[in-house]
Amino acid sequence: ASDMNQFKNILVTGGAGFIGSHVIRRLLKEHADMHVVNLDLLTYAGNLENLRDIESNERYAFVKGDIGDAALIAQLFVQHDFDAVVHLAAESHVDRSIENPMAFLETNIIGTATLLHAAKNAWLGDGKDASNRCFYHVSTDEVYGSLGAEGLFSETTSYDPRSPYSSSKASSDHLVRAWHHTYGLPIVISNCSNNYGAHQFPEKLIPLMIRNIRDQRPLPVYGEGLNIRDWLWVEDHASAIDTILHNGASGRTYNIGGLNEWRNIDLVHALIREVDAAMGRPEGTSLELITYVTDRAGHDMRYAIDASRIESELGWKPSIQFEDGLKETVRWYLDNAEWMDSVTSGNYQQYYETMYGNR
Ligand code: NAD
Ligand code: DAU
């Protein structure tokens with residue numbers, strides 16, 4: 001099916017991060033006349049290594065900068081006449097938000113407002129036609145709070161964020177909707193569950209565990225390991241974003257999920273099986289590394305997504321079985337030891353030791 005909207009000049013924010021790098025790669029591949037500008041501050045989580053295979057593509061340009069830098073953003077809008085913004089830049093790690101919430105408010109709230117303001121100035125007013133523009137905010141299922149054993153988050157679930165991270169993302173969702181309702185800015189929002197795959201910074205659960213199993217270091221499981229997350233292959237998230245950008249209705253929200261719930265402890269067991277097997281160790285070797293540690297403060301119990309809207313309205317659904325995705329993911333991290341070591345050197349080492357000691 002052909003796309004409802006066509007975009008030629010796209011600003012992607014946070015494109016040097018985990019999901020953003022997959023999104024840029026996908027957009028360039030799927031849309032032969034699309035030009036992408038990647039604006040990224042290259043915080044600890046951003047790494048140009050994630051984009052090495054496309055850095056010489058003539059339809060791609062990188063700008064190092066802060067989404068909160070209003071002058072820079074205004075200048076980029078003039079220079080490139082963006083018809084779409086795909087906004088992924090954020091502080092994204094819940095544990096860091098508990099330690100240092102202000103950075104989250106700065107980037108996720110003020111940064112998003114700065115981008116909205118720039119898009120409004122560039123696209124609206126003076127008889128301008130904004131009907132083929134789109135401000136796309138990439139958000140999270142964590143805005144809906146925490147589920148018990150039953151139920152799913154849908155697009156109409158009330159917001160109930162509980163961590164500094166999730167409340168900063170909820171705030172930014174509200175701002176995006178406010179700019180739509182008040183000024184008429186064309187927007188879409190998607191709220192997605194936990195992503196996994198290549199290039200995820202190894203302080204998030206899956207790459208952290210793969211790395212520690214590889215190195216035979218302790219595996220820190222928070223609380224009793226009974227919290228549940230709904231895992232989605234990052235390339236499926238990128239395909240969903242591509243679909244929503246091109247075919248989503250302005251002002252609408254879409255939930256994206258994998259229908260793939262795992263208790264953390266079961267996932268750690270699965271990773272132990274995969275990594276031990278890939279490294280030729282006897283089955284069960286790394287089970288003894290599991291270490292139950294103090295729970296995350298305010299730890300949300302369960303997330304699970306009802307993704308029926310995006311399937312029925314836009315025809316999107318996840319493409320890959322979790323078992324296959326997990327195998328491929330383990331393979332990627334083991335084959336890319338250099339990436340893992342380079343992104344976790346320097347500043348990260350200090351952070352890790354402060355947060356986790358040597359566990
Ligand atoms: P990430 O932490 O891997 O990447 C974030 C990127 O944003 C990095 O490249 C970083 O350098 C950049 N950045 C941070 N602050 C910036 C600033 N002030 N200006 C410009 N760039 C800045 O995050 P991710 O996991 O790829 O998540 C991307 C987006 O998707 C986030 O908005 C996140 O809330 C959302 N999301 C993530 C998941 C997930 O499972 N990882 C799920 C749902 C939604
Ligand atoms: O649901 C979407 C969200 O998923 C995104 O919005 C966030 O950006 C992304 O980081 C992710 O948040 P989580 O907090 O769910 O992801 P994380 O990988 O940090 O943790 C997954 C689960 O594993 C969670 O229940 C906490 C637990 N955990 C995590 C770490 C890092 C552990 O038990 N041990 C650990 O060392």
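Anything mentioned here points back to the structure above.
Please read these numbers as outputs of a predicted model, since none were measured by experiment.

The next subject is the site of ligand 2. Neighbouring residues of ligand 2: 23 residues in total, closest T140, D141, Y165, R296 and H299. A distance of 2.6 Å is found between an oxygen atom of ligand 2 and a side-chain nitrogen or oxygen belonging to Y165. Within the side chain of R296, one N or O atom sits 2.6 Å away from an oxygen atom of ligand 2. For ligand 2, the accessible surface in isolation is 690 Å², of which the surrounding protein chains cover 95%. Only α6 (205–215) and β8 (219–222) provide two or more residues apiece to the shell around ligand 2. In terms of residues, the shell around ligand 2 owes the most to one element, β8, which gives three residues. Across the shell around ligand 2, the residue classes tally to nine nonpolar, eight polar and six charged.

The next thing to look at is the site of ligand 1. Lining the immediate surroundings of ligand 1 are 28 residues, of which I19, D40, S92, Y165 and K169 lie closest. In this structure, T107 approaches ligand 1 through a side-chain N or O atom, which is 3.1 Å from a nitrogen atom. Going through the elements one at a time, α1 (18–30), β5 (134–140), α5 (164–183) and β7 (194–196) are the ones with two or more residues in the shell around ligand 1. Residue contributions to the shell around ligand 1 peak at three residues, all from β5. Considered class by class, the residues forming the shell around ligand 1 number 13 nonpolar, twelve polar and three charged.

Turning next to the environment of T291. With respect to the helices, strands and loops of the structure, T291 is situated in strand β12 (residues 290–293). Since its relative accessible area comes to 30%, T291 is described here as partly exposed. C-alpha of T291 to C-alpha of Y303: the two residues are twelve residues apart in sequence and 23 Å apart in space. Polar side-chain contacts of T291 include one of 2.9 Å to the backbone oxygen of L289.

What follows deals with the nonpolar core. For soluble globular proteins, the rule of thumb is that nonpolar side chains tend to be buried together. Counting residues in each nonpolar core, the largest one holds 44 residues, and the members touching the most others are V86, Y136, L245, I256 and I310. Sorting the residues of this core by element identifies β1 (9–13), α1, β4 (84–87), β5, β6 (187–192), α7 (234–247), β10 (253–256) and α9 (308–314) as the ones contributing at least two each. Setting aside residues up to four positions removed in sequence, I256 forms contacts with Y136, S190, N191, C192, S193, L232, H237, A240, I244, I305, I310 and W316. Grouped together as the second largest cluster of nonpolar side chains are 30 residues, F201, I272, L289 and V330 included.

Turning our eyes to something else, we now look at the side chain of D300. Structurally, D300 is set in the loop between β12 and α9. An unpaired buried charge is present at D300: no salt bridge exists, and R162, the closest side chain of opposite charge, is 4.2 Å distant. A polar contact is formed between the side chain of D300 and the side chain of Y303, at a distance of 2.6 Å. When near neighbours in sequence (up to four residues on either side) are disregarded, D300 contacts G145, S146, R162, N227 and R229.

Attention now goes to the packing of α6 against helix α10 (residues 322–335). At a minimum axis separation of 10 Å, α6 and α10 run at an interaxial angle of 60°. One finds that α6 runs oblique with respect to α10. Relative to α10, α6 is oriented so that their crossing is right-handed. Contact residues: I206, P207, I210 and R214 in α6; L326, T329, V330, Y333 and L334 in α10. Considered class by class, the residues forming the contact of α6 with α10 number seven nonpolar, one polar and one charged.

About the cut-offs
Residues numbered from 1 in each chain as written. Chains lettered and ligands numbered in written order. Predicted model: local features only at pLDDT ≥ 70, side-chain atom pairs only at ≥ 80, totals over all residues. Heavy atoms only, no water. Near = heavy atom within 4 Å. Polar contact = N/O pair within 3.5 Å; in protein donor to acceptor, adjacent residues only side chain to side chain. Areas by Shrake-Rupley, 256 points an atom, 1.4 Å probe, with all protein chains shown as cover. Helix = DSSP H or I, 4+ residues; strand = E, 2+ residues; numbered from the N terminus. Nonpolar A, V, L, I, M, F, W, Y, C, P; charged D, E, K, R; others polar. Buried < 20%, exposed > 50% of the residue type's maximum accessible area, 1.4 Å probe, protein only. Core = buried A, V, L, I, M, F, W, Y, C linked by side-chain atoms within 4.5 Å. Contact = heavy atoms within 4.5 Å. Lys, Arg positive; Asp, Glu negative; His and termini not counted. Salt bridge = Lys/Arg side-chain N within 4 Å of Asp/Glu carboxyl O. Axes fitted to C-alpha atoms, helices over the stretch in contact; angles between N-to-C directions. Parallel < 35°, antiparallel > 145°, perpendicular 65-115°, else oblique. Left-handed = near helix turned anticlockwise from the far one by under 90°.

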